Amino acid sequence: MWGALWGRALRAAGALRAAAFRSMAVEGPARGSASTAGIIVIGDEILKGHTQDTNSFFMCRRLRALGVKVARISVVPDEVEAIASEVAAFAARFTFVLTSGGIGPTHDDVTFEAVAKAFEENVVPHPELVALVHKFFGRTEAQCPEMKLARVPESARLNYGTDGRGSAFDYPLVSVRNVYIFPGIPALMERALDGLAHLFRSERTRFHSRAVYVAADELLIVPVLDRAHAAFQGRVSLGSYPDWASNYYRVKLTLDSESEQDLEEAYGFLMRQLPPGVAVPLVTDYVSRAAAEVYSLAESGSALGQKVAAALQTIEEALDQYSLAQLCVGFNGGKDCTALLHLVHAAVQRRFPVRQERLQVLYIRIVSPFPEMEQFIQATVQRYDVQLCTVEGSIREALAHLKEQQPQLEAVLMGTRRTDPYSCTLTPMTGLTGTSGSSCASSLFPTAFSMTRATPPWGAWPTRARTQRCAAPTPGAGRATGLPTSWRMRKRSARPGCEGHALGGSSGKLPGMTLNKPAACQH
């Protein structure tokens, strides 16, 4: 009895699915409205957290560019009933349904079977797919695992995409009515969707978007967002997305509309309503625009601009004295030396707009550095297109080894902070020599150390100063670069406070080389 009841229930569910689909197929999307899509991601591995889904993100981006509005994303397990139920519901509701995953020869690849069940069809061998299985796998036995790829729903269509050159793909994408069955492997899915873009492209719909970046807490702009939403509801979609990790903004606002006129009207309303100064530009390509942006800041007259201008003056003096082959920038992955690298890059970019010679950076590598720091250094090297010189050991050993490896190097641009011990005593372009160890830090504002062959006597440094200088030689903190621990120091009297930017200088000696240091302004 239970079997009969269960059978009747399944048949009734199937009838409802078919009726719903027929209703959708007859009516279609509302006239003038955008085509819609539902995405079904299939796989236990997604639900268990074994694999991160990237397919739905890619599909959303591509479909929106094609004029299709993605209305829902669902993730379901590798179960025939669960997939069939979701497919039937989505097919009745949306213009297109895109599934991802569950195609293959194994026991948990059940998408073809589930889609067939959603439309009350059987899976049957498709002659064209059987031939392709034989071509690619060399198998013809009906029960071999590979032949599972050839058994598809009875009404299945085969869609051959094309690559960028217009050549047809060797293997088709299977679709059933308005359901398109994509592979779960991201590379294959992306290739298939790009190759079949014409199936989804909407000629009548184009989405228009704007973004506003706000350097203020979201709570501060809630009243403005409420007014904008009330004024443009139904015409413009307004989104607000806080970002705690960005250095440029606190909230990203998005405006989306099918009407460019409505979008621009809403954008103007929002910009007028936001508090003055909170909308900021988002800099996405700060490397190629470095010279223009940095020198614009230096000429702005602001407090920060004045410090940047003083730093650029020291860098330019170093560039006057040394060629790019003779100069390198101390870089250990810290925040300060990254800012310093940007300033040097800007100065070099302005001075040599067309150049083939790359700026050199010096990385004194410690034992067992943090992997994240190493990754950041490599990414920065690629971003700025600089030549990385890596040396290991103590500061003294590293500099001596560097001089042996690259005898043409004459100077290293480094930097100090205003708050670093004795930074206020440094002056730009002042000779510095010493004996061993580590001290001054790479920082926002530069310091240039010049290196020449010499065999000077050992220097001496006051005990208190030596202790302070060597207290923090950790590269990860942006502090380990190329000064000796014991060095003869010539300094002027430190001024109390040393606020703002100050210029200072020092000198000392290191066996095997002399370090002459054009110091930078501090911040």
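Residues numbered from 1 in each chain as written. Predicted model: local features only at pLDDT ≥ 70, side-chain atom pairs only at ≥ 80, totals over all residues. Heavy atoms only, no water.

Engineer: When you look at the overall build of the chain in this model, what are you seeing that I'm missing?
Structural biologist: Scanning the chain from N- to C-terminus turns up 15 helices and 19 strands. Classification of the 523 residues of the chain by burial places 47% in the buried group. Sequence separation of at least 24 residues holds for 77% of the intrachain contacts in the chain that already meet a minimum separation of 6. Taken as a whole, the chain presents about 26000 Å² of accessible surface, with 53% of it coming from carbon and sulfur. (Helix = DSSP H or I, 4+ residues; strand = E, 2+ residues; numbered from the N terminus. Buried < 20%, exposed > 50% of the residue type's maximum accessible area, 1.4 Å probe, protein only. Contact = heavy atoms within 4.5 Å. Areas by Shrake-Rupley, 256 points an atom, 1.4 Å probe, with all protein chains shown as cover.)

Engineer: What's the story with a nonpolar patch on the surface in this structure? I'm lost.
Structural biologist: A contiguous nonpolar surface patch, about 280 Å² in accessible area, is contributed by Phe136, Phe137 and Tyr171. For Phe136, the location among the structural elements is in helix H6 (residues 127-137). (Patch = residues over 30% accessible without salt bridge, like charges linked within 9 Å, V, L, I, M, F, W, Y side chains within 5 Å. Salt bridge = Lys/Arg side-chain N within 4 Å of Asp/Glu carboxyl O.)

Engineer: Help me understand the packing of helix H12 (residues 335-351) against helix H13 (residues 371-384) in this model?
Structural biologist: Each pair of packed helices gets described by two things: the angle between the helix axes and the distance between those axes. Two elements in contact, H12 and H13, have axes whose closest approach is 12 Å; the angle formed by their N-to-C orientations is 10°. By the criterion of interaxial angle, the relationship of H12 to H13 is roughly parallel. From H12, Thr338, Leu341, His342 and His345 reach across to H13, where they touch Phe376, Thr380 and Tyr384. When its residues are assigned to classes, the contact of H12 with H13 shows three nonpolar, four polar and no charged. (Axes fitted to C-alpha atoms, helices over the stretch in contact; angles between N-to-C directions. Parallel < 35°, antiparallel > 145°, perpendicular 65-115°, else oblique. Nonpolar A, V, L, I, M, F, W, Y, C, P; charged D, E, K, R; others polar.)

Engineer: Would you take a moment to explain the sheet that holds strand E6 (residues 157-159) for this structure?
Structural biologist: As summarised here, the arrangement of the six strands in space is E2-E1-E3-E8-E7-E6, forming an open sheet in which the pairing is mixed. The sheet terminates laterally at strand E2 (68-76) and E6, the two strands that pair on one side only. Shown here is a sheet whose adjacent strand axes are inclined to one another by a mean of 25°, direction ignored. Where strand E3 (residues 96-100) and strand E8 (residues 179-182) come together, four bridges link them in parallel fashion. Looking at E8, one finds that Thr99 is bridged to Ile181. Each of strand E1 (35-42), E3, strand E7 (173-176) and E8 is contacted by helix H5 (residues 111-118), which is oriented at about 170° to E8, the strand it contacts most. (Pairing = 2+ DSSP bridges.)

Engineer: For this particular structure, what's the right way to read helix H9 (residues 260-273)?
Structural biologist: Since there are 3.6 residues in each turn of an α-helix, residues three or four apart along the chain are aligned in direction. When the terminal C-alpha atoms of H9 are compared, their 20 Å separation across 14 residues agrees well with the 20 Å that a helix rising 1.5 Å per residue should span. Turning to H9, its buried residues number three or more, namely Asp262, Leu263, Ala266, Gly268, Phe269 and Leu270. Residues of H9 that are buried in the fold lie against strand E9 (208-214), helix H8 (222-232), strand E10 (237-242) and strand E11 (251-257). (Expected span 1.5 Å × (residues − 1).)

Engineer: Looking at this structure, how should I read the sheet that holds E10?
Structural biologist: Hydrogen bonds along the backbone pair up the strands of a sheet, which may run parallel or antiparallel. Spatially, E10-E11-E9-E12 is the arrangement adopted by the four strands of the open sheet, whose pairing is antiparallel. Two strands in the sheet have a free side with no partner beyond their single neighbour: E10 and strand E12 (279-280). Where E9 meets E11, seven bridges bridge the pair, whose relative direction is antiparallel. Looking at E11, one finds that Val214 is bridged to Val251.

Engineer: Help me out: how do you make sense of the side chain of Gln360 in this one?
Structural biologist: Position of Gln360 among the secondary structure elements: in strand E14 (residues 360-365). You can call Gln360 buried: its relative accessible area is 7%. Excluding residues within four positions of it along the chain, Gln360 makes contact with Leu324, Ala325, Leu327, Cys328, Val329, Gln387, Gln406, Gln408 and Leu409.

Engineer: I tried to follow the packing of H8 against H9 on my own but got confused; where do I start?
Structural biologist: Remark: H8 packs on H9, axes separated minimally by 10 Å, with the N-to-C direction vectors making an angle of 155°. Between H8 and H9, the crossing angle belongs to the class labelled roughly antiparallel. H9 is crossed by H8, and the crossing has right-handed handedness. On the side of H8, the interface is formed by Val224, Leu225, Arg227, Ala228 and Phe232, while H9 contributes Asp262, Glu265, Ala266, Phe269, Leu270 and Gln273. Looking at the contact of H8 with H9, its residues break down into seven nonpolar, one polar and three charged. (Left-handed = near helix turned anticlockwise from the far one by under 90°.)

Engineer: Explanation requested: the pattern of salt bridges in the structure shown.
Structural biologist: For side chains bearing opposite charge, pairing can occur when the charged atoms are close. One pass over the structure, following the stated rule, counts 17 salt bridges. Across the pair Arg62 and Asp194 runs a salt bridge, and its minimum N-O distance is 2.7 Å. Here Arg62 is found in helix H3 (residues 55-65), whereas its partner Asp194 is found in helix H7 (residues 186-195), with 132 residues between them in sequence. Ionic contacts of the salt-bridge type, sharing partners, join the residues Arg139, Glu141 and Glu146 into one network.

Engineer: Looking at this structure, I do not really get the confidence of the model for the chain. What am I missing?
Structural biologist: Note: predicted coordinates in regions of low pLDDT should not be interpreted at a detailed level. Residue-level pLDDT values for the chain average 79, and 75% of them are 70 or greater. Considering only residues more than four positions removed or in separate chains, one finds that residues 1-32, a stretch of pLDDT under 50, has 25 contacts. Residue range residues 432-447 is modelled with pLDDT below 50. Its contacts to residues more than four positions away, or to other chains, number 121 contacts. (pLDDT = per-residue confidence, 0-100.)

Engineer: Can you help me understand the packing of aromatic side chains in this one?
Structural biologist: The description of an aromatic ring pair uses the distance of the two centres, along with the angle that the planes make with each other. Inspection of the entire model under this criterion finds eight aromatic pairs. Seen from their ring centres, Phe232 and Phe269 are 5.6 Å apart, and the 70° between their planes marks the pair as edge-to-face. Of this pair, Phe232 sits in helix H8 while Phe269 sits in helix H9, and the two are 37 residues apart along the sequence. Residue classification places Phe232 among the buried positions, given a relative accessible area of 5%. A connected cluster of aromatic rings, assembled from ring pairs, spans Phe96, Tyr180 and Phe200. In this structure, Arg64 is placed above the aromatic ring of Phe207, and the distance from its NZ or CZ to the ring centre is 4.1 Å. Geometry around Phe169 places Arg191 over its ring, the cationic atom sitting 3.9 Å from the centre. (Phe/Tyr/Trp six-rings, centres within 6.5 Å; stacked < 30°, edge-to-face > 60°. Lys NZ or Arg CZ within 6 Å of the ring centre and 35° of its normal.)

Engineer: What is the right way to look at helix H4 (residues 80-93) in this model?
Structural biologist: Look at H4: 20 Å from first C-alpha to last across 14 residues, which is about the 20 Å you get at 1.5 Å a residue. Of all the positions in H4, only Val80, Ile83, Ala84, Val87, Ala88, Phe90 and Ala91 are classed as buried.

Engineer: Looking at this structure, I do not really get the nonpolar core. What am I missing?
Structural biologist: Generally speaking, soluble globular proteins have nonpolar side chains that are buried together. Among the nonpolar cores identified, the biggest contains 34 residues, and Leu312, Ile315, Leu319, Val329, Leu341, Val344 and Leu359 are the most heavily contacted of them. Secondary-structure elements contributing two or more residues to this core are helix H10 (290-298), helix H11 (303-321), strand E13 (327-330), H12, E14, H13 and strand E16 (411-416). Listed in part, the 32 residues of the second largest apolar core include Ala84, Ala91, Ala118 and Val174. (Core = buried A, V, L, I, M, F, W, Y, C linked by side-chain atoms within 4.5 Å.)

Engineer: Can you walk me through the side chain of Asn332 in this structure?
Structural biologist: Positionally, Asn332 belongs in the loop between E13 and H12. A relative accessible area of 1% places Asn332 in the buried class. Here Gly334 takes part through its backbone nitrogen, which lies 3.0 Å from a polar atom of the side chain of Asn332. (Polar contact = N/O pair within 3.5 Å; in protein donor to acceptor, adjacent residues only side chain to side chain.)

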